[in-house]
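Commentary on secondary and tertiary structure
What follows is the residue order along each chain.
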Amino acid sequence: AQKVTQAQTEISVVEKEDVTLDCVYETRDTTYYLFWYKQPPSGELVFLIRRNSFDEQNEISGRYSWNFQKSTSSFNFTITASQVVDSAVYFCALSESMTTDSWGKLQFGAGTQVVVTP
Amino acid sequence: EPEVTQTPSHQVTQMGQEVILRCVPISNHLYFYWYRQILGQKVEFLVSFYNNEISEKSEIFDDQFSVERPDGSNFTLKIRSTKLEDSAMYFCASTPPSRNTEAFFGQGTRLTVV
């Protein structure tokens, strides 16, 4: 069963528009972490944000913000005033193994391709 | 800033050959991981490694694969008798002793089996 679902396969926007990426997760653990990673065309995975299951406070970091709602098991991510350099695949990921030696084991969603055109 | 380093960045091998992908984790990290990403697909966990032994492995990580930490700095993934479907990007990651942080990923090795 899918642990992390990113229903949007591709989003296309014009520069300066906001982009919101959806992520729904499934877990029985009470302690877990959620992440967003960016994968630009060059292929590397770039860490963006991390949230633990006890902290539902939503924050803004520069042009990035996130909306974590445990009641709906969602962890959405927004890029404000998008730029061409934001074009990439964005992955949502879940770590359930916080009490084991595999706590860095991440379960990734399928990713959402964001295309920002000038 | 410390980073996870992977070599080579791209490797082409013939089907049936053995390949070794190399990673140098961040020096004070204790937990090491390999992930695989087939082109256009999601990133998948292969194996985690701690205290010189496998902590956890996925269904993908069958007898064809092995991991090793041959010295104090390198962490390797060996794929025996490669198949066409092993073509993918392979990411190494490491995490520090503190659990209050993210996994640090290397830039990946693109393996092409021909």
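Okay, so let's go over this structure. (Residues numbered from 1 in each chain as written. Chains lettered and ligands numbered in written order. Predicted model: local features only at pLDDT ≥ 70, side-chain atom pairs only at ≥ 80, totals over all residues. Heavy atoms only, no water.)

**A look at the overall build of chain B**
Looking only at helices and strands, chain B features 0 helices and 11 strands. Mapped in sequence order, the helices and strands of chain B form the string β-β-β-β-β-β-β-β-β-β-β. Relative to its length of 114 residues, chain B is compact, with a C-alpha radius of gyration of 13 Å against a globular reference of 13 Å. By its C-alpha atoms, chain B is 40 × 25 × 25 Å across when sized along the principal axes. Split into buried and exposed, the 114 residues of chain B put 46% on the buried side. Restricting the contact set of chain B to residue pairs at least 6 apart, pairs at least 24 apart contribute 53%. Carbon and sulfur atoms form 45% of the exposed surface of chain B, whose accessible area is close to 5600 Å². (Helix = DSSP H or I, 4+ residues; strand = E, 2+ residues; numbered from the N terminus. Rg over C-alpha atoms; globule rule 2.2 N^0.38 Å. Buried < 20%, exposed > 50% of the residue type's maximum accessible area, 1.4 Å probe, protein only. Contact = heavy atoms within 4.5 Å. Areas by Shrake-Rupley, 256 points an atom, 1.4 Å probe, with all protein chains shown as cover.)

**Some points on the state of the cysteines**
All names here are of chain A. Scanning the model with the defined rule gives 2 disulfides over all chains in all. Between the sulfur of C23 and that of C92 lies a disulfide, 2.0 Å long from S to S. One disulfide, between C23 and C92, carries an S-S torsion of -65° and so falls in the left-handed class. With a gap of 69 residues between them, C23 in the loop between β3 (19-21) and β4 (24-25) and C92 in strand β10 (residues 88-95) connect regions that are remote in the sequence. Take C23 and C92: they sit in the same class, and that class is buried. (Disulfide = S-S within 2.5 Å.)

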